[in-house]
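Examination of the molecular architecture
For reference, the chains in residue letters:
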Amino acid sequence: MTLPLAALLQAVHAAGERVMAIYRGETEVTWKADDSPLTAADLAAHEALVQALARLTPNDPVVSEEAAEATFETRSGWPRYWLIDPLDGTKEFLKQNGEFTLNVALVEAGVPVFGIVHAPALPAGPTTWWGGEEGAFKQVGAGVVEQLRVRALPDPAAEPWVVVGSRSHAAEALEAFCAGLPAHRRTSLGSSLKLCLVAEGSADLYPRLAPTCEWDTAAAQAVVLAAGGEVLEAETLAPLRCTQGESYVNPAFIVCAQRDERWESALRRAL
């Protein structure tokens, strides 16, 4: 399937502009049944993205965090579908730290085969990562498009590993995991930006040992895969997949540039 890449990027950027118009003003918050926040920005981005995808790829269904009514039976019968999180990192949006993203993924047979992650409020400027069969890429503003590749895991005696964790969701298991690693340094970040750091070679590991949903991760997972990395279920180290059951909740997982017995052992002890 040939995707209209330029039009898709333009549509995500336009949705990001709608989010930014709200970000700069007063933000009212309501709370969903799972105690997660919902803002006008979530809904504005949802509307813009759903309409754009319906126009650009009318034969492909769309599942959004803000409209996830399709049953597992229905989803598993689709050859492919769009899975979107209109605003990933709503808590970061409300803190106004810029660490939120718009996530758009195309899923085929449970595998995110294409994804766009757009962060419209980073200090460096609006930043977009995307990945698919042509590779993984990053662009800041209207700057040069950079092709991405995960970095080789360094010798920790010479260069500490970089482990990225959640800004808003710490977990005891993460602490136990890091305690079992060789020399490393940690950094915290919001939303799906953490996966993008691994894809671009700025981080080596992202262990996520607390709950997430498929729409939180699928777009950035596609970028990681296109950059040569892996996203693995924490317990089995099998590739993380979408559309595995009625629930959209992911198992615990780890994002890595490459597998290594040292972090695998730490992970087994932490779980």
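Residues numbered from 1 in each chain as written. Predicted model: local features only at pLDDT ≥ 70, side-chain atom pairs only at ≥ 80, totals over all residues. Heavy atoms only, no water.

**Describing the overall build of the protein chain**
We apply this condition: Numbering of helices and strands runs from the N terminus, with a helix taken as a DSSP run of H or I at least four residues long and a strand as a DSSP run of E at least two residues long. The atom set for the radius of gyration is the C-alpha atoms, and the globule formula is 2.2 Å times the number of residues raised to the power 0.38. Under the scheme applied here, a residue whose accessible area is under 20% of the maximum for its type counts as buried, over 50% as exposed, and between as partly exposed, the area being computed with a 1.4 Å probe on protein chains only. Two residues form a contact once any of their heavy atoms are found within 4.5 Å.
Within the protein chain, the regular secondary structure consists of eight helices and 14 strands. For the protein chain, whose C-alpha radius of gyration is 18 Å, the value lies close to the compact-globule estimate of 18 Å for 271 residues. Taken over the C-alpha atoms alone, the protein chain extends approximately 50 × 40 × 40 Å along its principal axes. In the protein chain, which comprises 271 residues, the share counted as buried stands at 55%. Of all intrachain contacts in the protein chain linking residues separated by at least 6 positions in sequence, the fraction that spans at least 24 positions is 61%.

**A closer look at the packing of aromatic side chains**
Applied cut-off: Note on aromatic pairs: the rings of Phe, Tyr and Trp (six-membered ring only in Trp) are paired at centre separations within 6.5 Å, and the planes decide the class, stacked below 30 degrees, edge-to-face beyond 60, tilted for the rest. For a ring to carry a charge above it, either NZ of a lysine or CZ of an arginine must fall within 6 Å of the ring centroid while also lying within 35 degrees of the normal to the ring plane.
Tallied over the full model, the rule gives eight aromatic pairs. Relative to Phe137, the ring of Trp130 has its centre 5.8 Å away and its plane inclined at 25°; by these criteria the two rings are stacked. As far as burial versus exposure is concerned, Trp130 and Phe137 are alike and both buried. Members of the aromatic cluster, joined through ring pairs, are Tyr23, Phe93 and Phe100. Positioned above the aromatic ring of Tyr248, the side-chain terminus of Arg75 is 4.1 Å from the ring centre.

**Quick notes on the pairing of strand E12 (residues 205-208)**
For clarity, the cut-off: Following DSSP output, two strands are said to pair if at least two bridges run between them.
Residue alternation in E12 divides its side chains into two sets, Leu205 and Pro207 and Tyr206 and Arg208, and both sets are buried. Two elements, E12 and strand E14 (residues 253-256), share four bridges in a ladder whose sense is antiparallel. Bridging across to E14, Arg208 finds its partner in Phe253.

**Things to note about the layout of surface pockets**
As a reminder of what qualifies: Any residue with an atom within 4 Å of a point lines the site, the site being either a cavity, points on a 1 Å grid over the protein atoms alone where a 1.4 Å probe fits but cannot get out, or a pocket, an open set with protein on both sides within 12 Å along at least 5 of 7 lines. Grid points are joined across faces, edges and corners, and a volume is the space filled by probe spheres set on the points.
Its volume calculated, the second largest pocket comes out at about 350 Å³. Lining the second largest pocket are 15 residues, with Met1, Leu3, Phe114, Glu133 and Glu134 sitting closest to its centre. Within the residue set of the lining of the second largest pocket, elements represented by two or more residues are strand E5 (101-108), strand E6 (111-119), strand E7 (127-132) and strand E8 (135-140). For the lining of the second largest pocket, the element with the most residues is E7, which contributes three residues.

**A few points about the environment of Ser247**
Heads up, the rule is: Any pair of N or O atoms that falls within 3.5 Å is considered a polar contact. Within protein, one atom must be able to donate a hydrogen and the other to accept it, and sequence-neighbouring residues count only if both atoms are side-chain atoms.
Mapped onto the secondary structure, Ser247 falls in the loop between strand E13 (230-233) and E14. In terms of polar contacts, Ser247 uses its side chain to reach the backbone amide nitrogen of Val249, at 3.0 Å.

**Overview of unusual backbone geometry**
One non-glycine residue, Gln96, lies in the positive phi region at around 60°. As for its placement among the helices and strands, Gln96 is situated in the loop between helix H4 (90-95) and E5. Looking at Gln96, the relative accessible area reads 47%, which means it is partly exposed. If you check the backbone angles, Ser191 has positive phi at about 55° while not being a glycine. By the element assignment, Ser191 lies in the loop between strand E11 (184-189) and helix H6 (193-199).

**Brief notes about the packing of helix H1 (residues 5-23) against helix H2 (residues 40-56)**
Put simply, the rule reads: To obtain an axis, a line is fitted to C-alpha atoms, over the contacting stretch when the element is a helix, and the angle between two such axes runs from 0 to 180 degrees between their N-to-C directions. Should an angle lie under 35 degrees it is considered roughly parallel, over 145 roughly antiparallel, and from 65 to 115 roughly perpendicular; all remaining angles are considered oblique. Whether a crossing is left-handed or right-handed is set by the direction in which the near helix is turned from the far one by less than a right angle, anticlockwise for left-handed and clockwise for right-handed. Only Asp, Glu, Lys and Arg are considered charged, only Ala, Val, Leu, Ile, Met, Phe, Trp, Tyr, Cys and Pro nonpolar, and every remaining residue, Gly among them, polar.
At a minimum axis distance of 9 Å, the contact between H1 and H2 shows a crossing angle of 160°. In terms of axis orientation, H1 runs roughly antiparallel to H2. Crossing geometry of H1 relative to H2 is assigned as right-handed. In this structure, H1 uses Ala7, Leu8, Ala11, Val12, Ala15, Arg18, Val19 and Ile22 to contact H2, whose residues at the interface are Ala40, Ala41, Ala44, Ala45, Glu47, Ala48, Leu49, Ala52, Leu53 and Leu56. Taken together, the residues of the contact of H1 with H2 break down into 16 nonpolar, no polar and two charged.

**Considering the pattern of salt bridges**
The cut-off we apply is this: Definition used for salt bridges: Asp or Glu carboxyl oxygen within 4 Å of a side-chain nitrogen of Lys or Arg.
Inspection of the entire model under this criterion finds ten salt bridges. Between Glu47 and Arg18 there is a salt bridge, with its nearest N and O atoms 3.5 Å apart. With Glu47 in helix H2 and Arg18 in helix H1, this pair connects stretches of sequence that are 29 residues apart. Among the residues examined, Glu47 registers a relative accessible area of 39% and is labelled partly exposed. A salt bridge links Glu175 to Arg186; the shortest N-O distance between them is 3.0 Å. Residue Glu175 is found in helix H5 (residues 172-179), and its partner Arg186 is found in strand E11; the two are separated by eleven residues along the sequence. For Glu175, a relative accessible area of 41% corresponds to the partly exposed category. Judged by its relative accessible area of 41%, Arg186 is partly exposed.

**Here we look at H1**
Condition: In a helix, the anticipated span is given by 1.5 Å times the number of residues less one.
In this model, H1 (19 residues) spans 26 Å end to end at C-alpha, consistent with the 27 Å of a helix rising 1.5 Å per residue. Within H1, the full set of buried residues consists of Leu8, Leu9, Ala11, Val12, Ala15, Gly16, Val19, Met20, Ile22 and Tyr23. On its buried face, H1 is in contact with H2, strand E4 (80-88), H4, E5, E6 and E7.

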